[in-house]
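Reading the structure
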Amino acid sequence: MNIEFINKLQAMKEEIKTELRQEFKQELSNAVKQTQEIALKLKTEVSQELSSELADQLAVQLMEVTEDLSVQLMEGLGNELQPELQAIEDNLKANLNSQMIDDVSEQIKESIIDEVAQDLRPILTGLEEDTENLREMSKLIRTARTCEELASAGISRSGNFQLDPDGENAGADPINVYCDFSTRATEIYHNMVDELELEQCDNQELGCQKVPLEYEVPMSQIIALTQLSATCEQAIQFDCFMAPLMEHGNELGYWLDRNGNKSNFFHGNLNPDQPHVCRCGMDQSCVLPELPCNCDAKEPNWLADEGVITDKNILPITEFAYGPMEYEMQKAKVKIGHLKCSGIY
């Protein structure tokens, strides 16, 4: 009788284990399938607006949730199953009636399944919440207008993103920008990558050498970005060897704003009372204190005037012009930084 009981008990244990494993595998399979479907959908939707790198990151996050789910369920199953089976054995040892064994077996099976299901529900609920959060994140990313908005949503890895400053389904198509999350700045690039050496002109027209800047996005989107942002700036540097920016009242070097208007200031905002000025002229640190810019001294050695234009109502710089240079020994170089906008206006 004892041998028969032990064999029946062992068979019942195996049966419960088998059934639980099958149910666990089915639940987990459904969770994995749901997760993979959501990941694929997110990746498809987001990749239309985002870099594929970020879409992959979202999918990886979902798969990590699934892996965590599997580990937790395995651990929960092992921990919960052993005491229940021990309780079965203890109970059956005291009650050898076969019908009772069958009845208790069914009750214990249902009890264990219910407990495993209860353990499973909060994990699946957490998975659903994480998935919903990622859905909302992808929606925000696809409709964000500035890098500041993405930073506020918790994105912190700098890189290339697609934004839509003039609003979703309005105006121009979304644009590619670089988000620097260390400063929360939205950066728009142009075609001048390096410092450019200026050349002698064939004519004597003021500003005879023209260097147009070509931006990678429509001007309407740039203007929308400047209007949304609290601040915008663009660095400019002019290196000179006997090459003044202004001489005898003539503007030899100047830049054009987004409206095509000529500007001859090289730092800060436009000041009608001081239309030609550089950083050194503002803090009176020029090589000749009475001059507004270093290069205006026309020294026979290399000097530089560098500053940051911060007048967001006229940015970005669209062209730089210089000339003429009268003598062969005169040299000049120019470098203009990317447009950077930060904050919310």
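Treat the numbers as computed from the prediction; the structure is a model and nothing was measured. (Residues numbered from 1 in each chain as written. Predicted model: local features only at pLDDT ≥ 70, side-chain atom pairs only at ≥ 80, totals over all residues. Heavy atoms only, no water.)

1. Here's the deal with the state of the cysteines
Stated precisely, the cut-off is as follows: The criterion for a disulfide is a pair of cysteine sulfur atoms lying within 2.5 Å. For every residue, the accessible area obtained with a 1.4 Å probe (protein chains only) is divided by the maximum for its type, and the residue is called buried under 20%, exposed over 50%, and partly exposed between those limits.
Across all of its chains, the model carries six disulfides by this definition. Each disulfide pairs two cysteine sulfurs, and for Cys201 the partner residue is Cys208, the sulfurs being separated by 1.9 Å. On the sign convention where negative is left-handed, the bridge of Cys201 and Cys208, at about 90 degrees about the S-S bond, is right-handed. For Cys201, a relative accessible area of 19% translates into the label buried. Cysteine pairing in the chain follows 1-2, 3-4, 5-12, 6-11, 7-10, 8-9, where each cysteine in a disulfide is numbered by its order in the sequence.

2. What to know about the packing of aromatic side chains
For clarity, the cut-off: Between 30 and 60 degrees the pair is tilted, below 30 it is stacked and above 60 it is edge-to-face, where a pair is any two Phe, Tyr or Trp rings, Trp via its six-membered ring, whose centres lie within 6.5 Å. Helical segments are the DSSP runs of H or I of at least four residues, strand segments are the runs of E of at least two, and each set is numbered from the N terminus. The rule for a charge over a ring is simple: NZ of Lys or CZ of Arg within 6 Å of the ring centre, and within 35 degrees of the ring normal.
Tallied over the entire structure, the rule returns six aromatic pairs. Consider the rings of Phe161 and Phe181, whose centres lie 5.7 Å apart with planes at 85 degrees: the pair is edge-to-face. Taken as a pair, Phe161 in strand E1 (residues 159-163) and Phe181 in the loop between strand E2 (175-180) and strand E3 (185-188) lie far apart in primary sequence, 20 residues in all. Phe161 sits in the buried class, given a relative accessible area of 6%. We classify Phe181 as buried; its relative accessible area is 11%. Seen in terms of ring centroids, Trp255 and Phe265 are 5.3 Å apart; in terms of plane orientation they differ by 65 degrees. Their pairing is edge-to-face. One end of the pair, Trp255, is in strand E9 (residues 253-256); the other, Phe265, is in strand E10 (residues 262-265), with ten residues separating them in the sequence. With relative accessibility at 0%, the residue Trp255 sits in the buried group. Every member of this aromatic cluster is reached through a ring pair, and the members are Phe238, Phe320 and Tyr322. If you follow Lys262 out to its NZ or CZ, it ends over the ring of Tyr254, 4.4 Å from the centre. Directly above the aromatic system of Tyr345 lies the positively charged group of Lys312, at a separation of 4.5 Å from the ring centroid.

3. Section: a negative patch on the surface
For clarity, the cut-off: Without a salt bridge and with relative accessible area above 30%, a residue can belong to a patch; like charges are then joined within 9 Å and nonpolar side chains (Val, Leu, Ile, Met, Phe, Trp, Tyr) within 5 Å. In this description, accessible areas are obtained by the Shrake-Rupley approach with a 1.4 Å probe, and a residue is regarded as covered only by the protein chains that are shown. Definition used for salt bridges: Asp or Glu carboxyl oxygen within 4 Å of a side-chain nitrogen of Lys or Arg. Here the positive residues are Lys and Arg and the negative ones are Asp and Glu; neither His nor the chain ends is included. Working definition for charges: the position is that of NZ of Lys, CZ of Arg, CG of Asp or CD of Glu.
Residues Asp194, Glu195, Glu197 and Glu199 make up a contiguous surface patch of negative charge. In this fold, Glu197 is placed in strand E4 (residues 196-197). We classify Glu197 as partly exposed; its relative accessible area is 47%.

4. Notes on the sheet that holds strand E13 (residues 319-322)
Applicable threshold: Strands qualify as paired when DSSP identifies two bridges or more between them.
Read across the sheet, five strands follow the order E5-E13-E9-E10-E11 without closing on themselves; strand pairing throughout is mixed. Because the sheet does not close on itself, it has two edges, and the strands there are strand E5 (209-212) and strand E11 (276-277). The pairing of E9 with E10 spans two bridges and is classified as antiparallel. Each residue of the ladder has a partner; that of Trp255, found in E10, is Ser263.

5. A closer look at the pattern of salt bridges
For the coordinates displayed, the defined rule picks out two salt bridges. Where Arg184 meets Glu148, a salt bridge forms, and the shortest distance between an N and an O atom there is 3.0 Å. A residue pair is termed long-range when its members are at least 10 positions apart, and Arg184 in the loop between E2 and E3 and Glu148 in helix H4 (residues 147-152) qualify at 36 residues. Note on Glu148: relative accessible area 13%, which makes it buried.

6. Some words on the nonpolar core
Heads up, the condition is: Note on terminology: a nonpolar core comprises buried Ala, Val, Leu, Ile, Met, Phe, Trp, Tyr and Cys residues joined through side-chain atoms within 4.5 Å. By the convention used here, residues are in contact when the closest approach between their heavy atoms is within 4.5 Å.
Formed by 49 residues in total, the largest nonpolar core has its most connected members in Leu198, Phe238, Trp255, Ile317, Phe320 and Tyr322. Sorting elements by how many residues they give to this core places strand E6 (residues 231-241) first, with four residues. Trp255 has contacts with Ile236, Asn261, Lys262, Ser263, Phe265, Phe266, Ile309, Ile314, Ile317, Glu319 and Phe320, leaving out every residue within four places of it along the chain.

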